Amino acid sequence: MTTVAAKPATMAQALQRAMRDAMAADPTVHVMGEDVGTLGGVFRVTDGLAKEFGDDRCTDTPLAEAGILGAAVGMAMYGLRPVVEMQFDAFAYPAFEQLISHVSRMRNRTRGALPMPIVVRVPYGGGIGGVEHHSDSSEAYYMATPGLHVVTPSTVADAYGLLREAIASDDPVIFLEPKRLYWSKAEWSPDAPAEVEPIGRAVVRRAGSSATLLTYGPSVPVCLEAADAARDEGWDLEVVDIRSLVPFDDETVCASVRRTGRAVVVHESSGFGGPGGEIAARVTERCFHHLEAPVLRVAGFDIPYPPPMLERHHLPGVDRVLDAVARLQWEATS
Amino acid sequence: MTVQELPGATAHPAWKLRTDPAPLLPDPEPYRVLGTDAVDGLDSELLLRLYDALVHGRRYNAQATALTKQGRLAVYPSSTGQEACEIAAALALQEQDWLFPSYRDTLAAVARGLDPVEALTLLRGDWHTGYDPREHRIAPLSTPLATQLPHAVGLAHAARLAGDDVVSLAMVGDGGTSEGDFHEALNFAAVWKAPVVFLVQNNGFAISVPLAKQTAAPSLAHKAVGYGMPGRLVDGNDVAAMHVVLADAVSRARSGGGPTLVEAVTYRMEAHTNADDASRYRGDAEVESWRRHDPILLLERELTGRGLLGEERIQSASKAADTMAAALREQMNAEPLLAPMDLFAQVYATPTPQLRSEAEQLRAELDAEDGR
Ligand SMILES: Cc1ncc(C[n+]2csc(CCOP(=O)(O)OP(=O)(O)O)c2C)c(N)n1
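Residues numbered from 1 in each chain as written. Chains lettered and ligands numbered in written order. Predicted model: local features only at pLDDT ≥ 70, side-chain atom pairs only at ≥ 80, totals over all residues. Heavy atoms only, no water.

Caption draft 1: A look at the overall build of chain A. From N to C terminus, chain A includes 12 helices and 14 strands. Computed over the C-alpha atoms, the radius of gyration of chain A is 20 Å, within 12% of the 20 Å expected from 2.2 N^0.38 for a compact globule of 334 residues. Summarising its shape, the C-alpha atoms of chain A cover approximately 65 × 45 × 40 Å along the three principal directions. A sequence separation of at least 24 residues applies to 82% of the contacts in chain A between residues at least 6 apart. If you sum the accessible surface of chain A, you get close to 13000 Å²; carbon and sulfur atoms cover 52% of it. (Helix = DSSP H or I, 4+ residues; strand = E, 2+ residues; numbered from the N terminus. Rg over C-alpha atoms; globule rule 2.2 N^0.38 Å. Contact = heavy atoms within 4.5 Å. Areas by Shrake-Rupley, 256 points an atom, 1.4 Å probe, with all protein chains shown as cover.)

Caption draft 2: Representation of the site of the ligand. Lining the immediate environment of the ligand, one finds 20 residues, of which Glu65(A), Tyr103(B), Arg104(B), Gly175(B) and Gly176(B) sit closest. Close to the ligand, residues of chains A and B are found. One nitrogen or oxygen atom from the side chain of Glu65(A) is found 2.5 Å from a nitrogen atom belonging to the ligand. Between the ligand and Phe205(B), the relevant distance is 2.9 Å, taken from an oxygen atom to a main-chain nitrogen or oxygen of the residue. Contact with the protein chains covers 95% of the free accessible surface of the ligand, which is 580 Å². In the shell around the ligand, the residues fall into 8 nonpolar, 7 polar and 5 charged. (Near = heavy atom within 4 Å. Polar contact = N/O pair within 3.5 Å; in protein donor to acceptor, adjacent residues only side chain to side chain. Nonpolar A, V, L, I, M, F, W, Y, C, P; charged D, E, K, R; others polar.)

Caption draft 3: Seen up close, the packing of helix α7 (residues 148-161) of chain B against helix α8 (residues 180-192) of chain B. Residue and element names in this part refer to chain B. Where α7 meets α8, the closest approach of the two axes is 8 Å, and the angle between their N-to-C directions is 20°. In this view, α7 runs roughly parallel relative to α8, as classed from their interaxial angle. Like other packed secondary-structure pairs, α7 and α8 cross with a definite hand, here left-handed. Residues Leu149, Pro150, Val153, His157 and Arg160 of α7 pack against Asp181, Phe182, Ala185, Phe188, Ala189 and Trp192 of α8. (Axes fitted to C-alpha atoms, helices over the stretch in contact; angles between N-to-C directions. Parallel < 35°, antiparallel > 145°, perpendicular 65-115°, else oblique. Left-handed = near helix turned anticlockwise from the far one by under 90°.)

Caption draft 4: Expanded view of the packing of aromatic side chains. All names here are of chain A. Counted according to the given criterion, the structure contains 17 aromatic pairs over all chains. With a centroid separation of 6.0 Å and 80° between ring planes, the pair formed by Phe88 and Phe91 is classed as edge-to-face. Residues Phe88 and Phe91 agree in their burial class; the two are buried. Between the aromatic rings of Phe96 and Tyr141, the centroid separation amounts to 6.0 Å while the plane-to-plane angle is 80°, which identifies the pairing as edge-to-face. Here the residue Phe96 occupies a position in helix α4 (residues 96-103), and Tyr141 occupies one in helix α6 (residues 139-143), the gap between them amounting to 45 residues. With a relative accessible area of 49%, Tyr141 lands in the partly exposed category. (Phe/Tyr/Trp six-rings, centres within 6.5 Å; stacked < 30°, edge-to-face > 60°. Buried < 20%, exposed > 50% of the residue type's maximum accessible area, 1.4 Å probe, protein only.)

Caption draft 5: Summary view of the interface of chain B and chain A. In this assembly, 42 residues from chain B lie in contact with 37 residues from chain A. Counting the surface lost from both chain B and chain A, the interface buries some 3300 Å², and carbon and sulfur atoms represent 62% of this. Per-residue buried area on chain B facing chain A is highest for His128(B), Arg280(B) and Leu343(B); these three make up 20% of the total on that side. A salt bridge links Asp47(A) to Arg280(B), with the nearest nitrogen and oxygen atoms 3.0 Å apart. Counting across the interface, chain B meets chain A through 9 residue pairs in polar contact (both at pLDDT 80 or more). Mapped onto the side of chain B that touches chain A, the elements with two or more residues apiece are α5 (121-124) and α14 (353-371) of chain B. The element that contributes the greatest number of residues to the side of chain B that touches chain A is α14(B), accounting for 8 residues. (Buried area = accessible area lost by both parts, 1.4 Å probe. Salt bridge = Lys/Arg side-chain N within 4 Å of Asp/Glu carboxyl O.)

Caption draft 6: Summary view of the nonpolar core. Of all hydrophobic cores here, the largest spans 67 residues; its most connected members are Tyr60(B), Leu169(B), Leu199(B), Leu246(B) and Leu299(B). The element contributing the most residues to this core is helix α1 (residues 44-69) of chain B, with 11 residues. Aside from chain neighbours lying at most four places away, what touches Tyr60(B) is Tyr76(B), Thr106(B), Leu107(B), Val110(B), Pro116(B), Ala119(B), Leu120(B), Met324(B) and Leu328(B). Formed by 42 residues, the second largest nonpolar core is a distinct cluster that contains Val84(A), Val240(A), Val265(A) and Leu291(A). (Core = buried A, V, L, I, M, F, W, Y, C linked by side-chain atoms within 4.5 Å.)

Below, the structure is given as structure tokens:
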């Protein structure tokens, strides 16, 4: 096996490489969306694919999200594996009709005759100073729709591996790309045997013993930083990267919480009706007797995503995570 | 077996086209006024007013673009090269009418009288909409594409039901015409005979995607016909032609004639936004050829040729633009006043208990920050 030395790569480059390798390995893989061809996508994640595989395999579509995803449904019916790019989180909303009425339930409705091996790539989340409609975290809407897988990477290597997995999946996958991590770098070798867990598994990114931070996507680096900071105060925090919101890895998550006895869920999207509620409930149901304190949540406020000049007050940062950790000193009287 | 052989296959005798499509069809060539006889029908004061507004608009675009380079604006989708469309759109409307701009149409909002700083809050990153839409009758600049078009239809419809003399003018790009909302809006407007004018600025590209990959229609104006409304094709760099066509469409709407779709053929001289690299998808030669068809150049040539525009007027227009630019620069250099606690204002008419407790949390954090 030829090994390519690890070099610094960005998450955007790893995602691009994942599509390229998938397209080379399987002629049914088609990439499509707005500006994905000549421009290589507004984040350059599809850079070079049209040149290498032609316009029919990497297609600049008309500007119509419902049309893009609806056409992908028909393509999947005919045996292709469409990888669709939605340009920004809030611009995927016109496609919800197709997603919810068709993509998510086609397999079930047809008793398995029409599977939907579609990947919908959605750059999501805030922290890049985008104007309105460029920073939403829509994962709760996707999670609430049975029939979809919902995954999100937090590292360069996982971005590659998870996207390969998503493209290989015979079910539709909502692939949420944390856009503020697009330019995060890591030493990474595309040809080295990457240790990537499949869809449906969570990963312990940092082992610890006094409490567990349950998180995913853009909040993983925040939690790792918080864990470093907490060490000075005597807290040895474990950080679990959930990676796959649907299916959810109860096993890894609960094993961690049972070990530490305390848990905080951290995410950017609004807390009320958000993913943290589901996660906290599952953990409580399964680990009740192991818990020393209620499962806490640190989330974005329950407000429409604010203008960029105020987003730092909205996004859960290290301080809010540490505050929650401090509240894990639960006493029955409090 | 051919259709004719089928029993009863002849057209039903009562069937006929519902309307004559011929008058709905757009001109085969973009309508032009400058450099043609049609210009004689226009008042020279109007032409000079348009000239002043174009010069003003060009400087506004240049100043806003410069502000992105200084980090004072997060992003600016420039309408340089498209000023004739922006100005004509604003000036075609009466006080009581409503403008529904897209994110690129800050200039139209400013030309309608909106304070430039208020118009830029979205793009600067402080409040999403820095003005009261009702006060100015300008809807919030719309970032999701084409979603403002059904709003324009609904407002115009409601106004008509109320017996009010109000027209909506809604702006959208060539790319936006592919969205479902565009089609639904046109259809509603035509069925309801709503007093709406749809203005498509066809500036050649949707970010990187050229018109040919957006539509196979002969022109975007042709799309009108299928909905039962007239489509007009205009030279979007000819401000006089834009004025004539929009004024006509607005008065048609006002008098109960229903909606019109206007396609303005123009060109985006700058990149999509300051974050875009236009060299990836278009060449200099194309940009240069459009530079020779610049809206200000076209009007200046016409006016000087007819002895209407002298050095004095050119100077005074330029000076007025300088004054506006200097004031804008100065106001934008002042740090915006932002109150973090405003995050919780106006989410609901009455804040929920959750929001009240989240507000308390932020208040405590801010106090702690201040105390540090
Ligand atoms: C629903 C939706 N999808 C995608 C986008 C991202 N986006 C912003 S501008 C743009 C291109 C718009 O092109 P066009 O309508 O021609 O207007 P122009 O920018 O040329 O004025 C795209 C794809 C968006 N704003 N809204």
